[in-house]
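Secondary and tertiary structure notes
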Amino acid sequence: MQPSRKKSRITSLDIAHRAGVSQATVSRVLRGSPLVNAETRRRVEEAVRELNYKVDRHASSLRTQRAGTLALLLFEEPGPEDAVINPFFLSMLGSITRECARQGHDLLVSFQQLSDDWHADYEDSMKADGLILLGYGDDVLYQEKLEHLHAQGTHFVRWGPVRAGQIGISIGCDNHLGGQLAGAHLLELGRKKIAFLGDASSHYPEFFARFNGCEAALKARGLTLDRALQVDASSSEEDGHRAARELLARGVDFDAIFAGSDLIAIGAMAALRNAGKRIPQDVAVVGFDGMPQARYSTPPLTTVVQDTQLAGRLLVDSLLMLIREQSANSIMIAPQLAVRASSGG
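Residues numbered from 1 in each chain as written. Predicted model: local features only at pLDDT ≥ 70, side-chain atom pairs only at ≥ 80, totals over all residues. Heavy atoms only, no water.

A look at the nonpolar core
Formed by 44 residues in total, the largest nonpolar core has its most connected members in Met92, Ile96, Ile132, Leu134, Trp159, Phe258 and Leu315. Counting residues per element, this core draws most heavily on helix 12 (residues 308-323), which supplies eight residues. In contact with Leu134, not counting residues within four places along its chain, are Leu72, Leu73, Leu74, Phe75, Phe89, Met92, Ile96, Trp159 and Leu315. Counting 23 residues, the second largest nonpolar core, distinct from the first, contains Leu229, Ala243, Phe254 and Met269. (Core = buried A, V, L, I, M, F, W, Y, C linked by side-chain atoms within 4.5 Å. Buried < 20%, exposed > 50% of the residue type's maximum accessible area, 1.4 Å probe, protein only. Helix = DSSP H or I, 4+ residues; strand = E, 2+ residues; numbered from the N terminus. Contact = heavy atoms within 4.5 Å.)

Overview of unusual backbone geometry
Ile279 connects to Pro280 through a cis peptide bond whose omega is 10°. Inspection of the secondary structure assignment puts Pro280 in the loop between helix 11 (262-274) and strand 9 (284-289). Here Thr298 and Pro299 are connected by a cis peptide whose omega angle stands at -10°. Within the secondary structure, Pro299 sits in the loop between strand 9 and strand 10 (302-305). Here Asp289, not a glycine, exhibits a phi torsion of approximately 140°, which is positive. Of note, Asp289 is situated in strand 9. Classification of Asp289 as buried rests on a relative accessible area of 5%. For Glu325, which is not glycine, the phi dihedral falls at a positive 65°. Assignment of secondary structure puts Glu325 in the loop between helix 12 and strand 11 (331-333).

Brief notes about the pattern of salt bridges
In this structure the tally under the stated criterion is eight salt bridges. Put simply, Arg102 and Glu99 hold a salt bridge, and the shortest N to O gap is 2.7 Å. Pair noted here: Arg102 and Glu99 are both in helix 5 (residues 87-102), with a separation of three residues, about one helical turn. Judged by its relative accessible area of 59%, Arg102 falls in the exposed class. Glu99 gets classed as buried once you look at its relative accessible area, which sits at 4%. Taken together, the salt bridges that share partners define one network made up of Asp239, Arg242, Glu246 and Arg250. (Salt bridge = Lys/Arg side-chain N within 4 Å of Asp/Glu carboxyl O.)

Notes on helix 3 (residues 38-50)
The end-to-end C-alpha distance of helix 3 is 18 Å, a good match for the 18 Å that 13 residues give at a rise of 1.5 Å each. By the burial criterion, the buried members of helix 3 are Thr40, Val44, Ala47 and Val48. Down the axis of helix 3, the buried side of the element spans an arc of 105°, and every buried residue falls inside it. For helix 3, the exposed residues set more than 90 degrees away from the buried face come down to Ala38 and Arg49. Positive phi appears at Asn52, one or two residues downstream of helix 3, with a value of about 55°. (Expected span 1.5 Å × (residues − 1). Arc of directions from axis to C-beta.)

Regarding the packing of aromatic side chains
Applying the stated rule across the entire model yields six aromatic pairs. With 5.5 Å between their ring centres and 65° between their planes, Phe196 and Phe258 make a pair best called edge-to-face. Placement of the pair is Phe196 in strand 6 (residues 194-197) and Phe258 in strand 8 (residues 256-259), with a sequence separation of 62 residues. By relative accessible area, which is 0% here, Phe258 ends up buried. One cation-aromatic arrangement involves Arg210 over Phe288; the distance from NZ or CZ to the ring centre is 3.8 Å. (Phe/Tyr/Trp six-rings, centres within 6.5 Å; stacked < 30°, edge-to-face > 60°. Lys NZ or Arg CZ within 6 Å of the ring centre and 35° of its normal.)

Below you can see the structure in the form of structure tokens.
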């Protein structure tokens, strides 16, 4: 006698195929969204009956119930040993927590590895009404996971670049403007050979926008940002230190560094000091983020400040609007320049 074969569980994707609609539409019907027209709702409900689909109340809390809880997925970045959390996001965590409390919601914080399948299984394993995403690594690979969340009908917002035609809602900094502020500041100080430390490619669009903004400031003065003075770096002190050493080893003259993040800038300043360079006399340094420790670096770091308090409020407000089936838009926040001793301004 052959062992009985366990019947596979019917999923919302099966319902979508039977009804000829998207999985997101099935999700909306199951949670009673008013955005679905009567004919589409009828087809989905008929497919549910034909396939004898049973809604798992535990596994579908994001789709069918209001848990009164929002989930914050905070992504760890791979490091030389253990994965690390970018402290910039930790500074945003406080404002997100306060705004959730103000609006009567609990906040579930989950640390995630970017390489994991969080995009596929999070909805079926956590009780929350929607997701806030902080950190993303390689943007090209990240888009595939956002597409999956969108197809599932998951409510989510993210901190990241704001672009036309993007997937979902983003709250982000005007990185191009921030780059212009940094470049214009250095030019006003008489610096003309500006190096950029950070990945300047479509894989890291925030760094790329900062690079392009700085380049725009130089072009407005008839100058160019020499690609020989650009070194890829991820957002860590270690990588900033490595990138500055590589820049020095190239033997190309430079009198300023614009770093893609404060962590990169702090690491770069350590490398400059080790090489006998005076800051800011020999090399002026500007970072980006406005992290608290930038005030206490050696010397205190000039930086483009992102408003993490406003960002936290907007992330929570936008997610709650989506959960309530209200229209929400991506928002770009203007940065400000904080001038300190590292640039000599």
